[in-house]
Amino acid sequence: MRPANILHLGIKEIRGLLRDTTLLVLIVYSFTLAIYSQTKAVPETLNRAAIAIVDEDRSPLSSRIVTAFYPPYFTPPRVITATEMDRRMDAGLDTFALDIPPNFQRDLLAGRKPVIQLNIDATRMTQAFSGNVYIQNIVGAEIMEFSQRARGAAASPVELVQRLRFNPELNKGWFGAVMNVVLSITMLSIVLTGAALIREREHGTIEHLLAMPVTPFEIMTSKVWSMGLVVLAASALSLIVVVQGLLGVPIEGSIPLFLLGAALLLFATTSLGIFLASIAGSMPQFGLLLMMVLLPLQMLSGGMTPRESMPEIVQTIMLAAPNTHFVILAQAVLFRGAGLDVVWPQLLALIGIGAALFTVSLRRFRRFLR
Amino acid sequence: MNTVPAATAAPVVSLADVGLSYGKTRALERVTLDLPSGCMVGLIGPDGVGKSSLLSLVAGARMIQTGSVTVLGGDMADAAHRRAACPRIAYMPQGLGKNLYPTLSVFENVDFFARLFGQGRAERERRIAELLARTGLEPFAGRPAGKLSGGMKQKLGLCCALIHDPDLLILDEPTTGVDPLSRRQFWELIDTIRAGRPGMSVVVATAYMEEAARFDWLVAMDAGCVLATGAPADLLAQTGAATLDEAFIALLPEEKRKLHHAVVIAPRDAETHAEIAIEAEGLTMRFDDFVAVDRVSFRIQRGEIFGFLGSNGCGKSTTMKMLTGLLAASEGRARLFGAEVDPRDMRVRQRVGYMSQAFSLYSELTVAQNLDLHARLFQLPPENSPARVAEMAERFDLAAVMDALPDALPLGLRQRLSLAVALIHAPEILILDEPTSGVDPIARDGLWQILVDLSRRDGVTIFISTHFMNEAQRCDRISLMHAGRVLVSDTPAAIVAQRGSATLEDAFIGYLEEAIGEAGAPPQPSPAAPQPAAGAVAAPHEVRRLFDPRRMLSYTRREALELRRDPIRATLALVGSLLLMFVIGYGINFDVEKLSFAVLDHDRSLASSDYALGMAGSRYFVETAPIADYADLDRRMRRGELALAIEIPPGFGRDLARGRPVQVAAWIDGAMPQRAETVQGYVQGLHGAWLTQKMRLLLGEDAASASFRIETRYRYNPNIESLVAMVPAVIPLLLMMIPAMLAALSVVREKELGSIINLYVTPVTRFEFLLGKQLPYVALALVNALLLTLFAVFVFRVPFTGDLLAFATAAFVYVVAATAMGLLISSFMTSQIAAIFGTTILTLLPATQFSGMTDPVSSLQGVGALVGRIYPTAHFMTISRGTFSKGLGFGDLGGSFVPLLIAVPVLLGIATLLLKKQAR
């Protein structure tokens, strides 16, 4: 192995990439516009949840409840009839429908314990849970206040004060923006190395390379470092300019530490790209494989839903994916300001997974070159 | 060449002031030219002089930039004339089997073209049988086109071109890369066909001057200009040359001509160079069950120029690779200077220079960068390397173009660069795989002079493969290969003498016939073959229709066949989507449990531990070691160990007992907002429950119980199972991504590999093309939809409560839209990489983020909300959830069907408009 070969071949890769307008446009797009628009589009916390209210009581209390729902958490509630309710929920127009029964206020004051019905479209899992809590609280507070004034009862003796750390407003955009950077890193590194390798084979330049005194190890390493470096630089810029600058996400921790993690992630994903390219016979097959790898990495690494919510077995399997560790690391470093003392297990895991993927890929790559 | 053009006949093709540029490169320079009809016209000249460009303009495959092109009496700039003329024109593009489909059999390939020209079943079968019989391809009717030899591929290309009895046959270098015997057979075939259809005009581009000598009328071209026209004899007379090669050189402008020097070959001094440089002993290479090289043995002395002849795919390149250690031989031995070749030994490569068949240097690096990179890879000492690069630039006359990109250079120069790169490390052995194919005669002679000098002066051993007989003649010794075996190996003169034939070419053809004869030759095309009744009857051309289902279905059939021959792709699509459904269905769950929490208890009273127990006792939280102080709290939260920390103030128990207001603090890790929200909900719920219980204890049952109740009904999914919520949403996601990707690649692949040319030059319309290619993928996607639904119902046990017919109808419309989406993406993408990337971005993001999969469309904002309103996935998601979970049917979901139904024609319409019917 000669480090000089790895260096020069890598420089060649970068020069080649610089002349490929399509790929450059895609890199720029994935790290700027894609991240910006997705982050802006994802609602912040419970946002504009569609709610409708069937007010069969038409009392001062029931109108108090109706006016208690307002943006940004809820859409201004639509007052509908009981028959409309089913139709609207069927069509997916409303996620929540609150049914205030007739004589609710009278029964409440008379101590008859009336019942309000809250219908939730449980196919909308994301809003169903948090929305339920919000609505219960809002309705409860309104009724409490109303009945206290009516009866002069005592305030609740124990108050729960919630303090949200690291993201006081629970702004989903903060988290989403960083996770989109992670997705872009994964996607680009796999595509840049994998697709470029297939194209090189289809165009016969790989063969030419083999006539020279370079080993498959050198060829592969050069691809890994060069494409990794490009993606790393792009993600650093994106984090600083787009995420911190344009989107105004406060980054608490150390960006260099995050980038160290990203470099290790790239080591693993670029190897994965080469592996996929060496088992895919053609570009269409590579495209399908890409989808099949990218989607689980995105959905199950903890970037979209909490890892705790996945079945044990999925959590265990996903420990083998580099992204899982990187998502943990990114959260810890960027939001909680964690240092090396905290994230070293993730760094070790990334090194281990990267080394394993690299070794397996190198073996496949040698066979691929035959 | 029996017919002589009637001088009076109108020209079949007439060009006036035709110019063409590719970016900055000028391909044709104001060409004005009339080609006589009813005869065999040859375009001669090396690669890159504009022959192919000119032919593609004539065929209507390329858009005219300037000037006018009149073919068969009409203007080719006029789309109506092109439509009317294209059934009368046949075009065989350059490159072996470029417009054929490698996985389709011989019969299926011809059949595809027959259907494209709208022929009925009986007519098709008759014509195909006749053509296959005449070209000798009949015994191979079932063999995939990709597995044919070069010569057979070209014959098949000819069959495809002749299927519709064209009046004008355009052949672009039909015999390049084909062995001499197949070449001869090919031209004999053309002669018999012309004999049967005397009115047919044939326009051929060729780089072989020997062939051109037999044509009726020639056009000599150079650098985008016409040098001269006329019968071969006229050209020879005009220039006073003995051969067309010489005549062509004489026709070149003065400044180019003066660069030419006849190649001088000094006799080799065999005595001083008796050392054996290359030795092969029973070299054999097997790929699976296919023997590419069969027991090849020879010895080459130092400084010898050793030629290798044979058709494409006969094993020349494989043999060369085994000699250089690029490939490990299955059997046998190769030695370089007496030492056995070890493919893993990098030192061998230091001694060998290799120049591969196609130009395979990096087109993205400049000439200087290419030389520099190779100098470094071959480990030239850094201090000598610039000098060596300069020396090579000087010797190969590259100094003026050092900063140019290789693609911008003429082929001759590019080959010189390749040679310079192969020689940068001063190798002792030079292996050249067809270095001169397509290079103009002057550059070719220049290249040969360099080779001769290397051999004679520097003692470099040269191993070269070529198709040109005059080059073979220059070698010290040559070997003829066929089907992996060496037929003969000797000096050119000895081979001619041995065979007793007039020329080297005749000698080779003799050897080839002998070899094939042993193996069971394809029947010679007999002149008495069924005579072209078709030509006489001249089938009335189909009434032109704007939409012909037959043409469309021809593409459908072909695409379906290709899909069937590539089972990996279909399997990946089907199995992959099931796998993904498992992943997403099981992976995403909104019901979070076992969150870690700890208590910072400043009070340490009975009441405080009771409060903490209320939290720890739930299934949502798992208690970890109590928190010591604020520093500990901070540290553990930063580590992400705690999702929740409960802080109970000092005096909690006392104040509680006295009824004084107390505050309990819940610290929640907000780094992942979704999880934090869930935690918030749980904490509030548990806190409320604890309060109620306390009140009950303090004040008695009645007073404590709440004054009202909120009854929550989780509709459609009463057990709030994630699977029930997710699976109906995953189906639309998968049915968008995979069909779109497949459809997009199917078109872009044709663009990248060249078979898109069939769209350009056959009567098929853009809409027929797209729709035809779309149908198999719609069918595949429907199978996919069925599988996913079955899995959802029977494996995931997601209840299907609504109208199955409504779901099925929507699924059908949706997959049509999804594939149309892929076609739309393909219409403006040119490379497969870009298509994969583009499709991923344009499907994955909108489908996962903006279509209501997790966040309802009604809660999106900005661009996301707009996309969510028009993107098909959003609407199918509503239908899928409605029919799966909500028990709905057509009536309730009508509003979601409308946008889907609109999406299909809109997407297909835009795709059709964006797709080009001609190359630009």
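Everything numeric here is computed off the predicted structure, so don't read it as measured data.

## Some remarks on the overall build of chain B
The secondary structure content of chain B amounts to 35 helices and 25 strands. Against the globule reference of 29 Å for 920 residues, chain B gives a C-alpha radius of gyration of 37 Å, more extended than a compact globule. In terms of overall dimensions, chain B has C-alpha extents of about 125 × 70 × 50 Å along its principal axes. A fraction of 75% describes how many contacts in chain B between residues 6 or more apart in sequence connect residues 24 or more apart.

## Points about the nonpolar core
Residue and element names in this part refer to chain B. Ranked by size, the top nonpolar core spans 404 residues in total, and within it Ile170 and Leu644 carry the most contacts. A per-element tally of this core places helix H28 (residues 722-753) first, with 21 residues. Those residues in contact with Leu644, other than ones at most four positions away along the chain, are Leu595, Phe597, Phe621, Ala666, Trp667, Ile668, Val679 and Val683.

## Side note on the interface of chain B and chain A
On the chain A side, the residues contacting the 116 residues of chain B number 113 residues. Among the elements that take part in the side of chain B that touches chain A, helix H26 (residues 673-699) of chain B stands out by supplying 12 residues, more than any other. Taken together, the residues that form the side of chain B that touches chain A break down as 59 nonpolar, 36 polar and 21 charged.

## A word on the domain arrangement of chain A
On domain assignment, one finds that chain A holds domain 1 (3-42 + 171-368) and domain 2 (51-151). The straight-line distance from the C-alpha centre of domain 1 of chain A to that of domain 2 of chain A is 47 Å.

## Some points on the domain arrangement of chain B
Per the domain assignment, the segments of chain B are domain 1 (13-99 + 168-257), domain 2 (276-519), domain 3 (549-584 + 720-914) and domain 4 (595-704). Summarising the inter-unit geometry, the C-alpha centres of domain 2 of chain B and domain 4 of chain B are found 80 Å apart.

## Points about the sheet that holds strand S21 (residues 595-601) of chain B
Taking strand neighbours across the sheet as the criterion, the five strands line up as S5(A)-S24(B)-S23(B)-S21(B)-S22(B) in an open arrangement whose pairing is mixed. The open sheet has two free edges, formed respectively by strand S5 (158-165) of chain A together with strand S22 (621-623) of chain B, since each of these has just one partner strand. Direction aside, the axes of adjacent strands within the sheet are offset by 30° on average. Strand direction decides the pairing type here: S5 of chain A and strand S24 (residues 662-669) of chain B, joined by eight bridges, are parallel. Bridged to Arg163 of chain A within S24 of chain B is Trp667 of chain B. Most of the contacts of helix H24 (residues 630-638) of chain B go to S24 of chain B, to which it runs at about 30°, and overall it touches S5 of chain A together with S21, strand S23 (644-648) and S24 of chain B.

## With respect to the pairing of S23 of chain B
Residue and element names in this part refer to chain B. Counting buried residues along S23, four of its five residues qualify, which places the element largely inside the surrounding structure. Taken together, the four bridges between S23 and S24 define a ladder with antiparallel strand orientation. Across the sheet, Ala645 pairs through a bridge with Trp667, a residue of S24.

## Overview of the packing of helix H5 (residues 150-162) of chain B against helix H6 (residues 180-196) of chain B
Each pair of packed helices gets described by two things: the angle between the helix axes and the distance between those axes. Residue and element names in this part refer to chain B. Packing of H5 against H6 leaves a shortest axis separation of 9 Å and a crossing angle of 20°. The angle between H5 and H6 places the two elements in the roughly parallel class. Judged by the sense of rotation from one axis to the other, the crossing of H5 with H6 is right-handed. Of H6, the residues touching H5 (which contributes Gly150, Gly151, Gln154, Lys155, Leu158 and Leu162) are Ser182, Phe186, Leu189 and Ile193. The class makeup of the residues in the contact of H5 with H6 is five nonpolar, four polar and one charged.

## What about the sheet that holds strand S14 (residues 331-336) of chain B?
All names here are of chain B. Sheet architecture is open: four strands sit in the order S12-S11-S14-S15, paired in antiparallel fashion. Bordering the open sheet on either side are strand S12 (290-301) and strand S15 (339-340), each of which pairs with just one other strand. When strand S11 (residues 276-287) meets S12, the two strands line up antiparallel, connected through eight bridges. Residue pairing in the sheet places Met285 in a bridge with Val293 of S12.

## Re the environment of Ile478 of chain B
Residue and element names in this part refer to chain B. Within the secondary structure, Ile478 is located in strand S19 (residues 477-482). Spatially, the C-alpha atoms of Ile478 and Thr491 are 6.0 Å apart, while their sequence positions differ by 13 residues. Leave out the neighbours within four places in its chain, and Ile478 touches Gly307, Leu309, Ala472 and Pro492.

## Observations regarding the pairing of strand S18 (residues 461-466) of chain B
All names here are of chain B. Counted residue by residue, S18 has six buried out of six residues, so it is predominantly covered. A two-sided burial pattern is seen for S18, the buried positions comprising Thr461, Phe463 and Ser465 on one face and Ile462, Ile464 and Thr466 on the other. In the sheet, strand S13 (residues 305-309) pairs with S18 via five bridges, with the strands oriented parallel. What sits directly across from Phe308, in S18, is Ser465. Strand direction decides the pairing type here: strand S17 (residues 429-433) and S18, joined by five bridges, are parallel. Residue pairing in the sheet places Asp433 in a bridge with Ser465 of S18.

## Re helix H11 (residues 316-324) of chain B
Residues and elements named next belong to chain B. Counting buried positions along H11 gives nine out of nine residues, so the element sits mostly inside the fold. Among all positions in H11, only Lys316, Ser317, Thr318, Thr319, Met320, Lys321, Met322, Leu323 and Thr324 are buried. Two residues or fewer after H11 comes Gly325, characterised by a positive phi angle close to 80°.

## Overview of the environment of Ala729 of chain B
Residue and element names in this part refer to chain B. Position of Ala729 relative to the elements: it lies in helix H28. Here Ala729 falls in the buried class, since 26 other C-beta atoms lie within 10 Å of it. C-alpha separation for the pair Ala729 and Gly909, spaced 180 residues apart in sequence, amounts to 28 Å. Dropping the residues within four chain positions of it, Ala729 is found in contact with Met853, Met877, Ser880 and Arg881.

## Regarding unusual backbone geometry
Negative phi values dominate among residues other than glycine, just as trans dominates among peptide bonds. Residues and elements named next belong to chain B. Residue Arg30 is not a glycine yet carries a positive backbone phi of 40°. Counting through the fold element by element, Arg30 comes out in strand S2 (residues 25-35). Backbone geometry at Asp165 places phi at a positive 50°, although glycine is not the residue there. Along the chain, the position of Asp165 falls in the loop between H5 and strand S7 (168-172).

## What to know about the packing of helix H31 (residues 804-827) of chain B against helix H32 (residues 832-849) of chain B
Residue and element names in this part refer to chain B. In contact at an axis separation of 10 Å, H31 and H32 are set at 135° when each is read in the N-to-C sense. Between H31 and H32, the angle falls in the class oblique. Where H31 crosses over H32, the two elements pack in a sense that is right-handed. Where H31 approaches H32, its residues Met821, Gly822, Ile825 and Ser826 are matched on the opposing element by Ala835, Gly838, Thr839, Leu842 and Thr843. The residue inventory of the contact of H31 with H32, partitioned by class, reads four nonpolar, five polar and no charged.

Conventions we followed
Residues numbered from 1 in each chain as written. Chains lettered and ligands numbered in written order. Predicted model: local features only at pLDDT ≥ 70, side-chain atom pairs only at ≥ 80, totals over all residues. Helix = DSSP H or I, 4+ residues; strand = E, 2+ residues; numbered from the N terminus. Rg over C-alpha atoms; globule rule 2.2 N^0.38 Å. Contact = placed C-beta atoms within 7 Å. Core = buried A, V, L, I, M, F, W, Y, C linked by C-beta atoms within 7 Å. Buried ≥ 20, exposed ≤ 12 C-beta atoms within 10 Å, placed from the backbone. Nonpolar A, V, L, I, M, F, W, Y, C, P; charged D, E, K, R; others polar. Domains from an automatic or database assignment. Pairing = 2+ DSSP bridges. Axes fitted to C-alpha atoms, helices over the stretch in contact; angles between N-to-C directions. Parallel < 35°, antiparallel > 145°, perpendicular 65-115°, else oblique. Left-handed = near helix turned anticlockwise from the far one by under 90°.

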